[in-house]
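# Fold and contact review
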Amino acid sequence: MVFAWKSAGLTYNRYLAVASRVVRRSLKDDKRVAAERRGEMDLRFAKWENGKMGDPKNLADANAAAAVESANKGGVA
């Protein structure tokens, strides 16, 4: 048996993200606002070089910057 999300080409994490977004958007306004706040993430990362941690960066901002840089070089983002 093949799961629907797998046959659609989604990873399980992506499937869960889509499903939870749909559920959050279907809630009434008062509960939706609280649920949307819980769904936000703030991931940070830091690159380590020579045993020292670099500046922590927001993952979403770094991904957006990398996509712009890739588009400027003519690559696929």
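Calculation criteria
- Residues numbered from 1 in each chain as written.
- Predicted model: local features only at pLDDT ≥ 70, side-chain atom pairs only at ≥ 80, totals over all residues.
- Heavy atoms only, no water.
- Helix = DSSP H or I, 4+ residues; strand = E, 2+ residues; numbered from the N terminus.
- Rg over C-alpha atoms; globule rule 2.2 N^0.38 Å.
- Buried < 20%, exposed > 50% of the residue type's maximum accessible area, 1.4 Å probe, protein only.
- Contact = heavy atoms within 4.5 Å.
- Areas by Shrake-Rupley, 256 points an atom, 1.4 Å probe, with all protein chains shown as cover.
- Lys, Arg positive; Asp, Glu negative; His and termini not counted.
- Charge placed at Lys NZ, Arg CZ, Asp CG, Glu CD.
- Phe/Tyr/Trp six-rings, centres within 6.5 Å; stacked < 30°, edge-to-face > 60°.
- Salt bridge = Lys/Arg side-chain N within 4 Å of Asp/Glu carboxyl O.
- Patch = residues over 30% accessible without salt bridge, like charges linked within 9 Å, V, L, I, M, F, W, Y side chains within 5 Å.
- pLDDT = per-residue confidence, 0-100.

## Considerations on the overall build of the protein
- In terms of regular secondary structure, the protein is built from four helices and four strands.
- Listed N to C, the secondary structure of the protein is α-α-α-β-β-β-β-α in terms of helices and strands.
- A compact globule built from 77 residues should have a C-alpha radius of gyration of about 11 Å, whereas the protein, at 18 Å, is more than 25% larger.
- Classification of the 77 residues of the protein by burial places 4% in the buried group.
- Sequence-distant contacts, at least 24 apart, represent 0% of the contacts inside the protein between residues at least 6 apart.
- Summed over all atoms, the accessible surface of the protein reaches about 7000 Å², with 56% contributed by carbon and sulfur.
- Looking at the protein, you have 15 positive and 9 negative side-chain charges, and the mean spots of the two groups are 6 Å apart.

## So, the packing of aromatic side chains
- Inspection of the entire model under this criterion finds one aromatic pair.
- An angle of 35 degrees between the planes, with centres 6.0 Å apart, marks the rings of Y12 and Y15 as tilted. One end of the pair is Y12 and the other is Y15, both in helix α2 (residues 12-26) and three residues apart, which spans about a single turn.

## Some details on the pattern of salt bridges
- Under the defined criterion, the tally for this structure stands at two salt bridges.
- Ionic pairing is found between D29 and R32, a salt bridge with its closest N-O pair at 2.5 Å. With D29 and R32 both in helix α3 (residues 29-39) and three residues apart, the pair spans about one turn of that helix.
- For D29, a relative accessible area of 54% translates into the label exposed.
- With a closest N to O distance of 3.8 Å, K47 and E49 form a salt bridge.
- On the basis of relative accessibility, which here comes to 49%, the residue E49 falls in the partly exposed class.

## Remarks on a nonpolar patch on the surface
- Together, L10, Y12, Y15 and L16 line one region of the surface with nonpolar side chains, adding up to about 340 Å² of accessible area.
- Tracing the backbone through its elements, the reader meets L16 in helix α2.

## As for unusual backbone geometry
- The phi dihedral of N50 falls on the positive side, at around 55 degrees, and the residue is not glycine.
- You can see N50 is positioned in the loop between β2 (48-49) and β3 (52-53).
- By relative accessible area, which is 81% here, N50 ends up exposed.

## Let's talk about the confidence of the model for the protein
- Within the protein, residue pLDDT values average 82, and 91% of them lie at 70 or more.
- Between the elements of the protein, mean pLDDT differs from a low of 81, seen in α3, to a high of 92, seen in β3.

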